[in-house]
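Inside the fold
Given next are the chains, with one letter for each unit.
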Amino acid sequence: MNLRVLGCSGSDLPGHNLTSFLVNDTVLLDAGTVTSAIDLAAQARIEHIFVSHAHLDHIKDILFLADNLIEFFAAKSRPPLAIHGLPDVLDAIANHLLNDTIWPDFTVIPQNSPILTYAPMVPGEPVVLGELTVAAFAVNHAKAASGFVLWEDGGDRNLAYTGDTGPCDDCWRFLDGLPFPLAHLITEASFPSSLEALAMASRHLTPKLLRRELEKLQTRPEILIYHMKAPFAAQIQDELEHELAGFTYRLLREHDRITI
């Protein structure tokens, strides 16, 4: 499994791309930064987008990706790009973005060859995409927010992505209940621990809260940190060094390529 970081920041600033991860060149985990990160040929290889929740920083480039791909669909040269997510997330995208007011509804255009299609998910039910399998699990963030676990080779190569989340018990129980030990975990640390009240109100994590959450896991996966708010990044990094002592972790950066 190949993971490419297109964006992993909690802030939209120069040099800080919003969340999007490209898996095996064809699957996106969220779509905060896509069209400005990869060229048109790479965009045209994308077949699936798994959306963790409907906040704009995780979905905005669905709009521009659809617009960029119109030439391929006008020529009827490929099937629709599938947007996977929990039903309430897909409803939010359909009702508030792809609604012919904010943006054209690319699930019906071009006629007879639409660019996008919706693929509702049920938590825990796997979606099989060739060698890659993906399942959703509930997290504590926006309405109907989910994370995803991805695996190949029966679980020998696996990765979980929480998306944005605050403290959560059920998500860790789900990951502990997988039929294979979790090897890699992308999760967040948005605010410094001094802003714990803000993190809790917005359902995010601080380094201290993240440590408490990871202690709920029976396994010890490699922790891949994303979604740091840029103004606090240096402080968050210092706190992570202390709070995640005993864990194997790394800070994700734009343009990282990771083989799992």
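Structure: above.
Residues numbered from 1 in each chain as written. Predicted model: local features only at pLDDT ≥ 70, side-chain atom pairs only at ≥ 80, totals over all residues. Heavy atoms only, no water.

**Overview of the sheet that holds strand 6 (residues 116-120)**
For clarity, the cut-off: Paired strands, in this sense, are two strands between which DSSP finds at least two bridges. The helix count covers DSSP runs of H or I at least four residues long, the strand count covers runs of E at least two residues long, and both are numbered beginning at the N terminus. To get an axis, fit a line to the C-alpha atoms, keeping to the stretch in contact for a helix; angles then go from 0 to 180 degrees between the N-to-C directions.
Across the sheet, 7 strands lie side by side as 6-5-4-3-2-1-14; this open sheet has mixed pairing. The open sheet terminates on both sides in strands that have one partner only, identified here as strand 6 and strand 14 (257-259). Ignoring strand direction, the axes of neighbouring strands in this sheet form an average angle of 25°. Judged from the 3 bridges that link them, strand 4 (residues 48-50) and strand 5 (residues 81-85) form a sheet pairing that is parallel. Each bridged residue has a counterpart across the sheet, and for F50 the counterpart in strand 5 is H84.

**Details of the environment of G154**
Note the following rule: Using a 1.4 Å probe on the protein chains alone, a residue whose accessible area is under 20% of its type maximum counts as buried, one over 50% counts as exposed, and one in between counts as partly exposed.
Of note, G154 is situated in the loop between strand 9 (146-152) and strand 10 (157-161). Relative accessible area serves as the criterion here: at 68%, G154 is assigned to the exposed category. In this structure the C-alpha to C-alpha distance between G154 and G124, which are 30 residues apart in sequence, comes to 16 Å.

**Details of the sheet that holds strand 8 (residues 132-138)**
In space, the 7 strands of this open sheet follow the order 7-8-9-10-11-12-13, with mixed pairing throughout. Two strands bound the open sheet, and with one partner strand each, they are strand 7 (127-129) and strand 13 (249-251). Each strand axis lies, on average, 20° off the axis of its neighbour in the sheet, ignoring direction. The sheet contact formed by strand 12 (residues 222-226) and strand 13 spans 3 bridges and is parallel. Bridging across to strand 13, I225 finds its partner in L251.

**What about the environment of L129?**
Keep this limit in mind: By definition in these notes, contact holds between two residues if any of their heavy atoms fall within 4.5 Å.
Turning to its location among the elements, L129 is positioned in strand 7. For L129, a relative accessible area of 18% puts it in the buried group. Residue contacts for L129: discarding those within four places in its chain leaves V27, H48, F50 and V134.

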